[in-house]
Amino acid sequence: MRILVVEDEPKTAAYLQKGLGENGFVVDVARDGEDGLHCARQLPYDLIVLDVMLPRRDGWSVLAELRRTDKSTPILFLTARDAVEERVKGLDLGADDYLVKPFAFSELLARIRTLLRRGKHEHGDVLRVADLEIHVASHKALRDGKRLELAPKEFLLLLLLVQRSGEVVSRTVIAEQVWDMNFESDSNVVDVAVRRLRRKMDDPFPRKLVHTVRGVGYILEARE
Ligand code: CA
């Protein structure tokens, strides 16, 4: 498996190259947007990790350019804290997932494995679990064919749970990835948001998809 990391910050780039290398990936690093675009066009990568703030050509421009010709290579972008609208923008432009900096390496690895497992065939704009459908680029969520009215953060929360479906997602990860919160302090925010989300996407339907894992977090899966 070959991964392209587009990251200008030398420390982060080295850290990613080393960590991913140790986990069996072949890693190429591009130091700016132009170089990133050039590399991505030269070789068929299995996945691209793309920083947003880059010299010469920013991550958005790289993403848009790549998606004009390549709809299928999974792209995970790295975004700054306090920038919810950036996450939405990245998904709009055709990225598959994002991580908020600073992130734990274990979380990056989990996301990468999930994206690779999903594979190129299933990859695309629509994610499905049972009768739940998520249209990533247009931010639509449907259940049983009916549109769910979700606020932007509720959509990001649901997207995170769906992308990791079948895995427990901890409150800490939810707080970091959806709220930019560092989260020793107030676990209540996540629980309240999940409750609100469930009211919209689970309560009206006989089959429940979001399940509580006591003391840890939440898991989204279709149980019998
Ligand atoms: Ca950067």
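Everything here concerns the structure above.
Residues numbered from 1 in each chain as written. Predicted model: local features only at pLDDT ≥ 70, side-chain atom pairs only at ≥ 80, totals over all residues. Heavy atoms only, no water.

Observations regarding the coordination of the calcium ion
Convention followed: Water is not part of the atom set, so a site may look incomplete; the donors themselves are N, O and S atoms within 2.8 Å of the metal, or 3.2 Å for Na, K and Ca.
Within the protein, the atoms that donate to the calcium ion are Asp8 (OD), Asp51 (OD) and Met53 (O), at distances of 2.1 to 2.3 Å. In terms of primary sequence, the donors binding the calcium ion are separated according to D-x42-D-x1-M.

What to know about the side chain of Arg164
Let me state the cut-off plainly: A run of H or I in DSSP becomes a helix once it reaches four residues, and a run of E becomes a strand once it reaches two; helices and strands are each numbered from the N terminus. Note on definitions: a residue-residue contact is assigned when non-hydrogen atoms from the two residues lie within 4.5 Å.
Topologically, Arg164 is positioned in the loop between helix 6 (152-163) and strand 10 (168-170). With sequence-adjacent residues up to four places away left out, Arg164 is seen in contact with Glu107, Ala110, Arg111, Thr114 and Val169.

Describing the sheet that holds strand 6 (residues 126-129)
Applicable threshold: Think of it this way: DSSP has to see at least two bridges between two strands before they count as a pair. Angles run from 0 to 180 degrees between N-to-C directions of axes, and those axes are lines fitted to C-alpha atoms, restricted for helices to the stretch in contact.
Pairing is antiparallel in the open sheet, where four strands are placed in the order 6-7-8-9. Bordering the open sheet on either side are strand 6 and strand 9 (146-147), each of which pairs with just one other strand. By the bridge criterion, four bridges tie strand 6 to strand 7 (residues 132-135) in an arrangement that is antiparallel. Paired with Arg128 across the strands is Glu133, a residue of strand 7. Packed onto the sheet, helix 6 meets strand 6, strand 7 and strand 8 (140-143) and runs at close to 115 degrees relative to strand 7.

Brief notes about the nonpolar core
The condition that has to hold: As used in this record, nonpolar core signifies buried Ala, Val, Leu, Ile, Met, Phe, Trp, Tyr and Cys residues forming a set joined through side-chain atoms within 4.5 Å. Three exposure classes are used, based on accessible area relative to the maximum for each residue type with a 1.4 Å probe and protein chains only: buried under 20%, partly exposed in between, and exposed over 50%.
Of all hydrophobic cores here, the largest spans 54 residues; its most connected members are Ile134, Leu158, Ile174 and Leu220. Of all the elements, helix 6 adds the most residues to this core, at eight residues. Excluding anything up to four places from it in sequence, Ile174 contacts Leu157, Leu160, Leu161, Val169, Trp179, Val190 and Tyr218. Ranked by size, the runner-up nonpolar core spans 18 residues in total, among them Ile3, Leu16, Leu20 and Leu109.

Focus on empty space enclosed by the protein
Keep this limit in mind: Cavities and pockets are defined on a 1 Å grid built over the protein atoms alone: a cavity is a set of grid points where a 1.4 Å probe fits but cannot escape, while a pocket is an open set with protein on both sides within 12 Å along at least five of seven lines, and lining residues are those with an atom within 4 Å of any such point. Grid points are joined across faces, edges and corners, and a volume is the space filled by probe spheres set on the points. For this scheme, ten residues count as nonpolar: Ala, Val, Leu, Ile, Met, Phe, Trp, Tyr, Cys and Pro. Four count as charged, namely Asp, Glu, Lys and Arg, and the remainder, Gly too, count as polar.
Here the structure, examined in full by the defined rule, presents one cavity of 30 Å³ or more. Taken together, Asp97, Tyr98, Arg111, Leu156, Leu159, Leu160, Gln163 and Gln177 make up the lining of the largest cavity. Elements supplying a minimum of two residues to the lining of the largest cavity: strand 5 (97-100) and helix 6. Ranked by residue count, the leading element in the lining of the largest cavity is helix 6, at four residues. Grouping the constituent residues of the lining of the largest cavity by class yields four nonpolar, two polar and two charged.

Focus: the environment of Tyr98
Rules: N or O atoms within 3.5 Å of each other form a polar contact, as long as, within protein, one can give a hydrogen and the other can take it, and as long as residues adjacent in sequence are counted only when both atoms are side-chain atoms.
For Tyr98, the location among the structural elements is in strand 5. The exposure class of Tyr98 is buried, given its relative accessible area of 4%. Separated by 11 residues in the primary sequence, Tyr98 and Arg87 have C-alpha atoms spaced 6.9 Å apart. Once residues lying within four places of it in the same chain are set aside, the contact partners of Tyr98 are Leu76, Phe77, Thr79, Arg87, Arg111, Leu156 and Gln177. Polar contacts involving the side chain of Tyr98 include one to the main-chain carbonyl oxygen of Gln177, which spans 3.1 Å.

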